[in-house]
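Here's the letter readout for the chains.
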Amino acid sequence: MFCVCAPLAQNHKNIKFLYKSSAEMGINMKKLRREEPCWCNSGKTYGTCHMEFDKKLEMYKKKFHKVPPRNIIKNEKQLQGMRDSAKINIAVLDYVAEHIHEGMTTEEIDQMVYEKTTAMGGIPAPLNYEGFPKSVCTSINEQVCHGIPSSNIQLIDGDIVNVDCSTILNGYFSDSSRMFLIGNVSEEKRRLVRVAKECVKLGLEKVKPWGHLGDVAQAISDHAKLNGYSVVKQVGGHGIGLEFHETPFVSYVIKRGTGMVMAPGMVFTIEPMINMGTSDIYIDETNGWTIYTDDEKPSAQWELMVLVTDTGYEVISY
Ligand code: MF3
Ligand code: CO
C-alpha cells in the first residue's frame, strides 16, 4: 500500500509529470481499467476489446520486438470505410483491365481512372499527393514504379505495364496495383510478371497475427531469388487507412522473425518490385518521381492491401 512514490499522489502536478515522462519513453499513456472505453474507439469496454491484445504486445515489446503503435490499429468502423473505398479501387482496376489496349496512351489510362473513380464518388489519391500531377501511376517495362501518365507515352506491342490505383472515400484510403500485358509479350517478361504475382501470394500466405513482417518479406525474396530475380530494397509497402502512407515501411528484403509484429487490425500493402536484373534503381531527376532499374531490364509489381485478422488475413484491395 505504501511505496516510495505514495507521497507524490498528493501532488497532482507530480502525477502529471510521471505520466508525461512515461509517455515520452514510449510507454502507453494511461493504464485503462477494464470497464473503461477501449482506446480504439470501438465503443466497447477495454476489457472486452483490446486488453488481451495489449498484454500480448507488451510481451513482444519486452522481448525487443517492434510492435505497432495504437494509431495504426483500425476499429470495425474504419475497416468498413476502407473496404468501401477499396470497392471503388477494385472496380477502377477492373475497368482498366477491360479497356487497356495497345496504342492507348498512359494519359488515356489516367483519364479512365479519374472518370471512373469520381463517378463512383471517390477521389484518386495520387492526384496532387506531394505534388504528384496525375490520378494514377503507370510504369512500363524498366520503370519500377511511379511512372507519370502522359499523352506522349503510347503502349506498344510487347510492353508490360503496372497500373497503380489508389482511392480516397470519406477520408479512407485504398491502394492496389496490377500488371497488364500489351500484345505479344516475350516469354521472359511473362515469366517475370507471373513470378512477381506468385511472390505476392506467397507473402500474403505468411500474414497472420503475431507473426513478423519479415516472414512476409522472406517468402517474397526467397521466391524471387529462386527464379533468378532481385527485389528492390529502397522502395516498399506501407501501412494505410486513415492516411495514404502510414507506418510501418514494409520491406521485402528483411529476414523472417524480424520487423514489426503483425497484430490484428493492422492494414498494410504487399507490393514488392521484382527486377529481372539488378535490384539497383535510380530516380528520374527531371520529374522527381519515376523510378527505373539501373540496368534498364524490366521490373514487375503487383500490389494488394491486407488486413491482419484474429485468425489470419483479409485482402481489402487487389
Ligand atoms: N501505390 C503507390 C505507392 O504507394 C502510389 C503512389 S502515388 C504517388 O507508392 F503519388 F505517390 F505517386
Ligand atoms: Co502503395
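Up top you'll find the structure we're talking about.
Note that the coordinates shown come from a computational prediction; the quantities given were computed from them, not determined experimentally. (Residues numbered from 1 in each chain as written. Chains lettered and ligands numbered in written order. Predicted model: local features only at pLDDT ≥ 70, side-chain atom pairs only at ≥ 80, totals over all residues. Heavy atoms only, no water.)

A. Geometry of the coordination of the cobalt ion (ligand 2). Each protein donor to the cobalt ion (ligand 2) is listed here as Asp 175 (OD), His 238 (NE2), Glu 271 (OE) and Glu 303 (OE); together their distances run 2.1 to 2.5 Å. Each donor residue of the cobalt ion (ligand 2) lies on one chain, and together they are spaced D-x62-H-x32-E-x31-E. Here His 238 lies in strand β7 (residues 237-239) and Asp 175 lies in strand β5 (residues 172-181), a separation of 63 residues in the sequence. What makes His 238 buried here is its relative accessible area of 6%. (Donors = N, O, S within 2.8 Å, 3.2 Å for Na, K, Ca; no water. Helix = DSSP H or I, 4+ residues; strand = E, 2+ residues; numbered from the N terminus. Buried < 20%, exposed > 50% of the residue type's maximum accessible area, 1.4 Å probe, protein only.)

B. Structural view of the sheet that holds strand β13 (residues 299-301). Strand order in the open sheet formed by 3 strands is β6-β10-β13, with antiparallel pairing between adjacent strands. Each edge of the open sheet carries a strand with a single partner, namely β6 (230-231) and β13. Direction of pairing for β6 relative to strand β10 (residues 273-275): antiparallel, over a ladder of 2 bridges. Bridge pairing links Val 231 to Ile 274 in β10. (Pairing = 2+ DSSP bridges.)

C. Structural detail: the packing of helix α3 (residues 76-99) against helix α4 (residues 106-119). At a minimum axis separation of 10 Å, α3 and α4 run at an interaxial angle of 140 degrees. Our classification of the angle between α3 and α4 gives oblique. Both α3 and α4 take part in a crossing whose hand is right-handed. Contacts from Ile 88, Ala 91, Val 92, Tyr 95, Val 96 and His 99 of α3 reach α4 at Ile 109, Met 112, Val 113, Lys 116 and Thr 117. Partitioning the contact of α3 with α4 into residue classes produces 8 nonpolar, 2 polar and 1 charged. (Axes fitted to C-alpha atoms, helices over the stretch in contact; angles between N-to-C directions. Parallel < 35°, antiparallel > 145°, perpendicular 65-115°, else oblique. Left-handed = near helix turned anticlockwise from the far one by under 90°. Contact = heavy atoms within 4.5 Å. Nonpolar A, V, L, I, M, F, W, Y, C, P; charged D, E, K, R; others polar.)

D. Structural detail: a negative patch on the surface. A contiguous patch of negative charge, built from Asp 280, Asp 294, Asp 295 and Glu 296, is present on the exposed surface. Turning to its location among the elements, Glu 296 is positioned in the loop between β12 (291-293) and β13. The partly exposed category is assigned to Glu 296, whose relative accessible area is 43%. (Patch = residues over 30% accessible without salt bridge, like charges linked within 9 Å, V, L, I, M, F, W, Y side chains within 5 Å. Areas by Shrake-Rupley, 256 points an atom, 1.4 Å probe, with all protein chains shown as cover. Salt bridge = Lys/Arg side-chain N within 4 Å of Asp/Glu carboxyl O. Lys, Arg positive; Asp, Glu negative; His and termini not counted. Charge placed at Lys NZ, Arg CZ, Asp CG, Glu CD.)

E. Local environment of the nonpolar core. Ranked by size, the top nonpolar core spans 46 residues in total, and within it Trp 39, Val 207, Met 266, Phe 268, Ile 270 and Ile 274 carry the most contacts. The greatest single-element share of this core, amounting to 7 residues, is contributed by helix α5 (residues 187-204). Aside from chain neighbours lying at most four places away, what touches Met 266 is Pro 68, Ile 72, Ile 73, Pro 248, Met 260, Val 261, Val 306, Leu 307 and Val 308. If you look at the next biggest cluster of nonpolar residues, it comprises 18 residues, including Val 92, Leu 93, Val 96 and Val 136. (Core = buried A, V, L, I, M, F, W, Y, C linked by side-chain atoms within 4.5 Å.)

F. Examining the environment of Gln 154 more closely. Assignment of secondary structure puts Gln 154 in the loop between β3 (143-145) and β4 (160-169). In this structure, the C-alpha to C-alpha distance between Gln 154 and Glu 102, residues 52 residues apart in sequence, is 7.7 Å. Residue contacts for Gln 154: discarding those within four places in its chain leaves Gly 103, Met 104, Thr 105 and Asp 159. Looking at Gln 154, its side chain comes within polar contact range of the main-chain oxygen of Gly 103, at 3.0 Å. (Polar contact = N/O pair within 3.5 Å; in protein donor to acceptor, adjacent residues only side chain to side chain.)

G. Seen up close, the sheet that holds β3. The strand order across the open sheet formed by 3 strands is β3-β12-β11, and the pairing between neighbours is antiparallel. With one partner strand each, in any of the chains shown, β3 and β11 (281-283) form the two edges of the open sheet. With strand direction ignored, the average angle separating the axes of adjacent strands in the sheet is 40 degrees. Taken together, the 3 bridges between β11 and β12 define a ladder with antiparallel strand orientation. From the neighbouring strand, Tyr 282 faces β12, where its bridge partner is Tyr 292.

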